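Here is what each chain is made of, one letter per residue.
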Amino acid sequence: MSDLAIERAEVFVVGPQTERYTWAEGMSEQFMTNTVLRLTTRGGLEGVAGAAMCSSHDFDRSVAETLRWLLPDVIGRSPLERERLWHLLRSLNTPLVPQAHSLIDIALWDLAAKAAGMPLWQMLGGARDRVPAYASTPLLADAEAYVDYVAERAVEGFRAVKFHCWCEPARDLPMVEKVRQQIDPERMALMLDVEQRYSRQQARAAAMRLEPLAMTWFEAPLLDGDLDGYAELRRVAAIPILPAGNTILDLGQLRLGLAMGAWSMARVDVTIAGGITPVRKVMALAEAHNTSCELQCWGYTLTQAANLHMMQAYANCGWFEQPAPYPAFEYGVLDVIRPDAEGMVRVTDGPGLGVRVDWPAIEAATVARFAVAG
């Protein structure tokens, strides 16, 4: 299997000039960097992965700079050593930007599935061939804009929408109520994400007010680390409660949160939580607690695809997060993810991640790059 030995790694820090969004009041427009990793084996097989990083004022370089000192340990290794490499890179005793570790693991899985000639979701388990999607909003101007947004997404086939909003109860809750007055729960599921910005008192009052609106979930009302606050909120609220999913990533911490009853479901992102290798274990952990792991996918198509493969591989994830409007998230690829007329999404039938990268477009928007070779 020497042809599978990794001979070259290339990193592209991609900063396309696409529309920039915010998702909370007072947040400056976000520069969404797409850090893309390409691993090439001696036999010429390529594995790719991409992870988004949102930052104010400029495009992020931290993911790439972390990869700079991780990738030499990957050269000469095989994608068949994924578990060994994941533990090796995790044990360096230096804090990592988590997307860097994730990119290596995802690219290795992409290589392994391509070597096997299989779509990644089938190699991982093959639970289903499509997943229901919800449209994930940016911050919009006012309540009427959210009403219009939901109507537009319904025409596109969506049967669910998640609101990113001002993260101020006095504005958020009347908006959700106005949208619900316009559309029946049988036609459209609704979720609310307030980006960890409510106090415990605000979160409790909001949960009580949201309960009559048949909400699918209430996301990130408190800081992810406030496990006691989440557990207290769940004791008094009937509405399902989720964390943001960007901070508590370690399997032991996730086990503690689920055991405490802090969340109704777990939440992580494959491109943030260390890759496919650990998230497989998170999915199993959630199943052992009789719940789901609602993966987030806010990012470019490569981020969306990695998470969607996990959702199709395992049955205990209810929804795919589809950022919409689409164009800003589809830069640099030839295959995109869009819902069908029934609001369902699926990955392509190609091997591995199944996403063809538009390398000329990637290079045109690259703001920094480097390579490591054996």
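In what follows, the structure referred to is the one given above.
What counts as what
Residues numbered from 1 in each chain as written. Predicted model: local features only at pLDDT ≥ 70, side-chain atom pairs only at ≥ 80, totals over all residues. Heavy atoms only, no water. Pairing = 2+ DSSP bridges. Helix = DSSP H or I, 4+ residues; strand = E, 2+ residues; numbered from the N terminus. Axes fitted to C-alpha atoms, helices over the stretch in contact; angles between N-to-C directions. Contact = heavy atoms within 4.5 Å. Core = buried A, V, L, I, M, F, W, Y, C linked by side-chain atoms within 4.5 Å. Buried < 20%, exposed > 50% of the residue type's maximum accessible area, 1.4 Å probe, protein only. 1 Å grid on protein atoms, 1.4 Å probe; cavity = no way out; pocket = protein on both sides within 12 Å on 5 of 7 lines; lining within 4 Å. Points joined across faces, edges and corners; volume = space filled by probe spheres on them. Nonpolar A, V, L, I, M, F, W, Y, C, P; charged D, E, K, R; others polar. Arc of directions from axis to C-beta. Polar contact = N/O pair within 3.5 Å; in protein donor to acceptor, adjacent residues only side chain to side chain. Phe/Tyr/Trp six-rings, centres within 6.5 Å; stacked < 30°, edge-to-face > 60°. Lys NZ or Arg CZ within 6 Å of the ring centre and 35° of its normal. Parallel < 35°, antiparallel > 145°, perpendicular 65-115°, else oblique. Left-handed = near helix turned anticlockwise from the far one by under 90°.

### Considering the sheet that holds strand S2 (residues 30-41)
- Pairing is antiparallel in the open sheet, where four strands are placed in the order S3-S2-S1-S11. With partners counted over all chains shown, the strands left at the sheet margins are strand S3 (46-56) and strand S11 (366-373), one partner each. Strand-to-strand twist across the sheet, computed as the mean angle between neighbouring axes with direction ignored, equals 15°.
- As judged from the eleven bridges shared by S2 and S3, these two strands associate in the antiparallel manner. Residue pairing in the sheet places Gln30 in a bridge with Ser56 of S3.
- In the packing of helix H11 (residues 301-313) onto the sheet, the strands contacted are S2 and S3, and the crossing angle to S3 comes to about 115°.

### Looking at the nonpolar core
- The biggest cluster of nonpolar side chains holds 121 residues, and the ones touching the most others in it are Leu39, Leu71, Phe163, Leu192, Phe218 and Leu295.
- The element best represented in this core is helix H3 (residues 98-116), accounting for nine residues.

### With respect to the layout of surface pockets
- Of the voids in this model, the largest pocket is the one considered here, and its volume is about 540 Å³.
- Lining the largest pocket are 24 residues; nearest its centre among them are Trp23, Glu195, Asn246, Ile272 and Gln296.
- Those elements giving two or more residues to the lining of the largest pocket turn out to be S3 and strand S5 (160-164).
- Trp86, Arg90, His101, Asp250 and Ala273 are, among the 21 residues lining the second largest pocket, the residues nearest its centre.
- Listed by contribution, the elements that provide at least two residues to the lining of the second largest pocket are helix H2 (82-90), H3, helix H9 (251-260) and helix H10 (276-288).
- Among the elements that line the lining of the second largest pocket, the one with the most residues is H2, at four residues.
- Residues of the lining of the second largest pocket, tallied by class, amount to eleven nonpolar, seven polar and three charged.

### Observations concerning H9
- Looking only at H9, the buried set comprises Leu254, Gly257 and Leu258. The arc that holds the buried residues of H9, viewed along the axis, is 95°, so those residues lie on one side.
- Contact partners of the buried residues in H9: helix H8 (227-236) and H10.
- The opening residue of H9, the one whose side-chain oxygen lies 2.9 Å from the backbone nitrogen of Gly252, is Asp250.
- The first or second residue beyond H9 is Gly261, which carries a positive phi of 75°.

### A word on the packing of aromatic side chains
- For the coordinates displayed, the defined rule picks out eight aromatic pairs.
- These aromatic residues form a ring-pair network of at least three members: Tyr21, Trp298 and Phe329.
- If you follow Arg20 out to its NZ or CZ, it ends over the ring of Phe31, 3.8 Å from the centre.
- We note Arg82 situated over the ring of Trp109; from NZ or CZ to the ring centre the distance is 3.9 Å.

### Describing the pairing of S5
- When you tally the buried positions in S5, you get five out of five residues, the bulk of the element.
- Because side chains alternate across S5, one face comprises the buried residues Ala160, Lys162 and His164, and the other comprises Val161 and Phe163, equally buried.
- Bridging between strand S4 (residues 131-136) and S5 involves two bridges; their strand directions are parallel. Residue pairing for S5: Ala135 is matched across the bridge by Val161.

### A short note on the packing of H9 against H10
- Between H9 and H10, whose axes approach to 11 Å, the crossing angle comes to 20°. Judged on the interaxial angle alone, H10 and H9 are roughly parallel. Judged by the sense of rotation from one axis to the other, the crossing of H9 with H10 is right-handed. Residues Leu251, Leu254, Arg255 and Leu258 of H9 touch H10, and the partners they reach there are Lys281, Val282, Leu285 and Ala286.
- Tallied by class, residues from the contact of H9 with H10 come to six nonpolar, no polar and two charged.

Honestly, it's all geometry; don't read function into it.
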